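Each chain, letter by letter, is given below.
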Amino acid sequence: MKVKWTKLGMVVFLLISLVMTGCFIWQYRMPKLKIGNVVNIEVKEEEMCPRFPEPVLLEHPIPALKEALEKIDVVLRLSIHDTTLPALSAIVVFNDSVLWNGNFGRRNGSDPSSPPPNEYTVYRIASLSKIFPTLMLYKLWEEGKVASLDDPLEKYAANFTIKNPLGKRRGVVDVKAGSNRDTQPRSPSVTLRRMAGQLSGLPRRLRSTNLLWGGDTDAAIDLLQDDVLVADPGTKCHYSNVAFSLLANVLAENFAKSDYESWVSDNILEQLGMEDTGFDITPAIQSQMAVGVYSSGQSAPLYDLGWYRPAGQMYSTAADMAKLAMVLLGAYSRPLLQHDTLKTLLTPLFRCHQGYFANYTGTPWEVNEQLGYEVVRKDGDLDGYATTFSLVPRLKLGLVVLMAGVRPPIMDGDLVTQAYSHLIPAMESAFRNAQRKLSPPPDPTPYVGLFTYQNMTFYEIKASLGGVLVMQQFGPQVDTMMLAKYRTIRLDFLQERVFRVVFEGEYPCKLKVNSISVSLETQDRQLFNFYYFNEKGVSPGFDSPGLNTYKVLRIARRPIFNS
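Rules used in this analysis
- Every residue gets a number counted from 1 within its own chain, in the order that chain's sequence is written.
- Per-residue local features of the predicted model are confined to residues with pLDDT of at least 70, and side-chain atom pairs are confined, for both listing and counting, to 80 or more; whole-chain, interface and lining totals are unaffected and use all residues.
- Side-chain numbers here rest on the full set of heavy atoms in the structure, without hydrogens or water.
- Secondary structure elements are defined from DSSP: runs of H or I of at least 4 residues count as helices, runs of E of at least 2 residues count as strands, and each element is numbered from the N terminus.
- Only protein chains enter the calculation, and the probe is 1.4 Å; a residue is then buried if its accessible area is under 20% of its type maximum, exposed if over 50%, and partly exposed in between.
- Contact criterion: two residues are considered in contact whenever any of their non-hydrogen atoms come within 4.5 Å of each other.
- Note on areas: Shrake-Rupley with a 1.4 Å probe; residue coverage comes only from the protein chains shown.
- Only one rule defines a salt bridge in this text: a Lys or Arg side-chain nitrogen within 4 Å of an Asp or Glu carboxyl oxygen.
- Here a strand pair is declared whenever DSSP counts at least two bridges between the two strands.
- A pair of cysteine sulfur atoms is labelled a disulfide when the two atoms are within 2.5 Å.
- Only the stretch in contact is used when fitting a helix axis, every axis being a line fitted to C-alpha atoms; angles between N-to-C directions are given from 0 to 180 degrees.
- Ring geometry is summarised as follows: Phe, Tyr and Trp rings, the Trp one being its six-membered ring, pair when their centres sit within 6.5 Å, and such pairs are stacked at plane angles under 30 degrees, edge-to-face over 60 and tilted between the two.
- A ring is scored as having a charge over it whenever the NZ atom of a lysine or the CZ atom of an arginine sits within 6 Å of its centre and within 35 degrees of its normal.
- You can read pLDDT as the predictor saying how much it trusts each residue, on a scale of 0 to 100.
- Only residues above 30% relative accessible area that lack a salt bridge enter a patch, with like-charged residues linked at up to 9 Å and the nonpolar side chains Val, Leu, Ile, Met, Phe, Trp and Tyr linked at up to 5 Å.
- Here, the term nonpolar core denotes a set of buried Ala, Val, Leu, Ile, Met, Phe, Trp, Tyr and Cys residues that are joined through side-chain atoms within 4.5 Å.
- By this rule the span expected of a helix is its residue count minus one, scaled by 1.5 Å.
- The angle between axes fitted to the seven residues ending at a residue and the seven residues starting there is what we call the bend at that residue.

Draft legend 1. Up close: the overall build of the chain. Helix and strand counts for the chain stand at 13 helices and 25 strands. Relative to its full complement of 563 residues, the chain shows a buried share of 48%. Put simply, 67% of the contacts in the chain that link residues at least 6 apart link residues at least 24 apart. Within the structure as shown, the chain displays about 28200 Å² of accessible surface, and the carbon and sulfur contribution to it stands at 53%.

Pasting the structure below:
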């Protein structure tokens, strides 16, 4: 079908063309607002950003950080008690370095001549042992030996079965009887990830056993066949020692050339140089230990946990656990897992019910929020010893506390929470005030020039003395909406034609100009993707996908705004 142009249609088309041309010219010759014409322009700065400053290399000394560490020293020192908590070692790590370590009390509280502990003093780490079956699972998954973290346990333990009365039933029709009936409860989805994340529904311990039970995995599976899940898998946080011992032993039987403990020693401890960490408490190890005590001050026996060893048998030192913290922060010189695997490992799995002792569960973490940050931690308590391993991944920060004695009562928060109440603000302040080292492009020439977005906002990109690109916004709208000190940003070169926006120091998350709100937070750390260079060797423009902004185009000369 052909379209015929009428006289009226031609006139309308001509009018539209003239209007569009007029709009284009108007954008370039926009009248600049005179100061005298601006009535009651009120600019308000609100909450300061970045809310979560990016970790950067720090140059010491940092007064705020030094003060925070001194306060932590006081908190931990005051927790020492001759009877209930005679020895404590703690260490703070940032990225790949130790910021501080403190050692308090005496290795043997009943001996007045006993020396104080140090970072190489050995403590039982109790449930921190659960970190290692989890590392084994993620390592085997990364290597492709475990097909999926969500594989069901029965894939690797064919005889495993357990009753799941809380599982949903599916209604079916009995054709002969002519009525509805229920199928048997569906098979429990006890997966490997749920076992490592306290979501398997498995009981805390095997029926008719205690933590000293000396059976084997076959006997454990036999005991579970007539037991019941305490929760439908994946629906409720429930602490289980059974899950970790079963996970460790089943993985070892399928993939290790020897037993679980040998696999951990060969593939984790030796690889990371954790020379003072292990399972068997020999006389030589015992001579290096802080003596664990009950609340009465009586020395605690060094029990062997038998089949439950993967869930709580291990010993270690503050120095060795600091190495593990650096590994999980992705900063240690001997990497164990790839970056993406570590992100998965440290991601919370499930929000727990109100009565559980953590807000979220992870693999194998208890996760709580403090001052806006996720604190990923694992606590351990075993006769005579109490321990905490914790990370704040977003700040590349770690804190390990090892205690010989009873965990102090919670009044103003437990020791770790109190420590982070000082440490997190200090690290935030240090990052905000740190001088950022930005990278210049190999040649700034293709990026330098004038650009516009839809002829409404305008930008000039220049190269600083060090070659780092600096972008300044200008134009009538910017002049009336943005304070001068926030119109200039720097561009950090990441890779060919890709830059990241960087606001240096603190800045207001939003600027309120009368009733209009301008967000600086949304611009910070966004990426600019410049177009391929043209025949003149310059980029004709760039996109900012994170801001949903495309076709910021190069213009030949600075526009004139009539006043």
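Draft legend 2. Structural context of the pattern of salt bridges. With the rule as written, the count across this model stands at 23 salt bridges. Across the pair Glu67 and Lys71 runs a salt bridge whose closest N-O atoms are separated by 3.5 Å. Of this pair, Glu67 and Lys71 both sit in helix H2 (residues 63–79), four residues apart, which is roughly one turn of the helix. Here Arg500 and Asp492 are joined by a salt bridge, their closest N and O atoms 3.5 Å apart. When its relative accessible area of 8% is taken as the criterion, Asp492 is described as buried. Sharing partners across several salt bridges, the network here consists of Glu54, Arg436, Asp492 and Arg500.

Draft legend 3. A look at the sheet that holds strand E9 (residues 350–351). With antiparallel pairing, eight strands are arranged side by side in an open sheet as E4-E3-E14-E13-E12-E11-E10-E9. The open sheet has two edge strands, strand E4 (97–105) and E9, and neither has a second partner. Pairing of strand E13 (residues 385–392) with strand E14 (residues 397–404), which is carried by eight bridges, proceeds in the antiparallel orientation. Within the sheet, the bridge partner assigned to Val392 lies in E14 and is Leu397.

Draft legend 4. Examining the state of the cysteines more closely. Counted under the stated rule, the structure contains two disulfides. Between the sulfur atoms of Cys237 and its disulfide mate Cys352 the distance is 2.0 Å. Measuring the twist about the S-S bond at about -85°, one finds the Cys237-Cys352 disulfide to be left-handed. Of the two residues, Cys237 is situated in the loop between helix H5 (217–224) and helix H6 (241–255) and Cys352 in the loop between E9 and strand E10 (360–361); the sequence distance between them amounts to 115 residues. For the pair shown, Cys237 and Cys352 are each scored as buried. Disulfide connectivity for the chain, with bonded cysteines indexed by sequence position, reads 1-4, 2-3.

Draft legend 5. Inspection of the sheet that holds strand E15 (residues 449–453) at higher detail. The sheet built from eight strands closes into a barrel, its strands ordered E15-E16-E17-E18-E19-E23-E24-E25 with antiparallel pairing. Between one strand axis and the next, the sheet turns through 30° on average, direction left out of account.

Draft legend 6. Layout of the packing of aromatic side chains. Within this structure, the stated rule accounts for 22 aromatic pairs. Between Tyr138 and Trp141, the aromatic rings sit 6.0 Å apart at their centres with planes inclined by 90°, giving edge-to-face as the arrangement. Placement of both Tyr138 and Trp141 in helix H3 (residues 131–142) is noted, with a separation of three residues, approximately one turn of the helix. By relative accessible area, Tyr138 is classed as buried at 0%. Cluster of aromatic residues (ring-pair linked, three or more members): Tyr447, Phe451, Phe493, Phe499, Phe528, Phe530, Phe533 and Phe542. Positioned above the aromatic ring of Tyr532, the side-chain terminus of Arg497 is 3.9 Å from the ring centre. The aromatic ring of Phe474 is capped on one face by Arg558, whose charged end is 4.3 Å from the ring centroid.

Draft legend 7. Focus on the environment of Leu99. Inspection of the secondary structure puts Leu99 in strand E4. A relative accessible area of 18% means that Leu99 is categorised as buried. What Leu99 contacts, discounting residues up to four positions off in sequence, is His60, Leu65, Leu69, Val92, Val93, Phe94, Leu397 and Met427.

Draft legend 8. Up close: the confidence of the model for the chain. Per-chain confidence: the chain averages 87 in pLDDT, with 85% of residues scoring 70 or above. The model gives residues 1–41 a pLDDT under 50, and that stretch makes 35 contacts with residues more than four places away or in other chains. Note on residues 170–183: pLDDT under 50 across the span, and 15 contacts to partners over four residues away in sequence or across chains.

Draft legend 9. View of a nonpolar patch on the surface. On the surface, a cluster of nonpolar side chains totalling about 240 Å² of accessible area is made up of Leu211, Leu212 and Tyr303. Among the structural elements, Leu211 can be located in the loop between helix H4 (192–196) and H5.

Draft legend 10. Geometry of the pairing of E13. Within E13, eight of the eight residues are buried, leaving the element largely enclosed by the surrounding structure. Covered by surrounding structure in E13 are Tyr385, Thr387, Phe389 and Leu391 together with Ala386, Thr388, Ser390 and Val392, the residues of both alternating faces. Hairpin connection, strand E12 (residues 373–382) to E13: the antiparallel pair is bridged by two residues, and Gly384 has positive phi, about 90°. Between the antiparallel neighbours E13 and E14 lie four residues, among them Lys396 with a positive phi of about 55°.

Draft legend 11. A look at the nonpolar core. Core analysis: the biggest nonpolar cluster contains 85 residues, and Phe132, Leu135, Leu202, Leu246, Leu324 and Phe389 have the highest contact counts within it. For this core, the element with the highest residue contribution is H6, accounting for nine residues. The residues contacting Leu135, other than those within four sequence positions of it, are Ile268, Leu324, Leu328, Leu336, Leu337 and Leu345. Counting residues in each nonpolar core, the second largest holds 37 residues, with Ala68, Val75, Phe94 and Val401 among its members.

Draft legend 12. Examining helix H12 (residues 415–433) more closely. Taking 1.5 Å as the rise per residue, H12 with 19 residues should run 27 Å; its terminal C-alpha atoms sit 28 Å apart, in good agreement. In H12, a bend of some 25° at Ser421 exceeds every other bend along the element, and Pro425, a proline, comes one to four places later. Where H12 is concerned, the buried positions are Leu415, Val416, Ala419, Tyr420, Leu423, Ile424, Ala426, Met427, Glu428, Ala430, Phe431 and Arg432.

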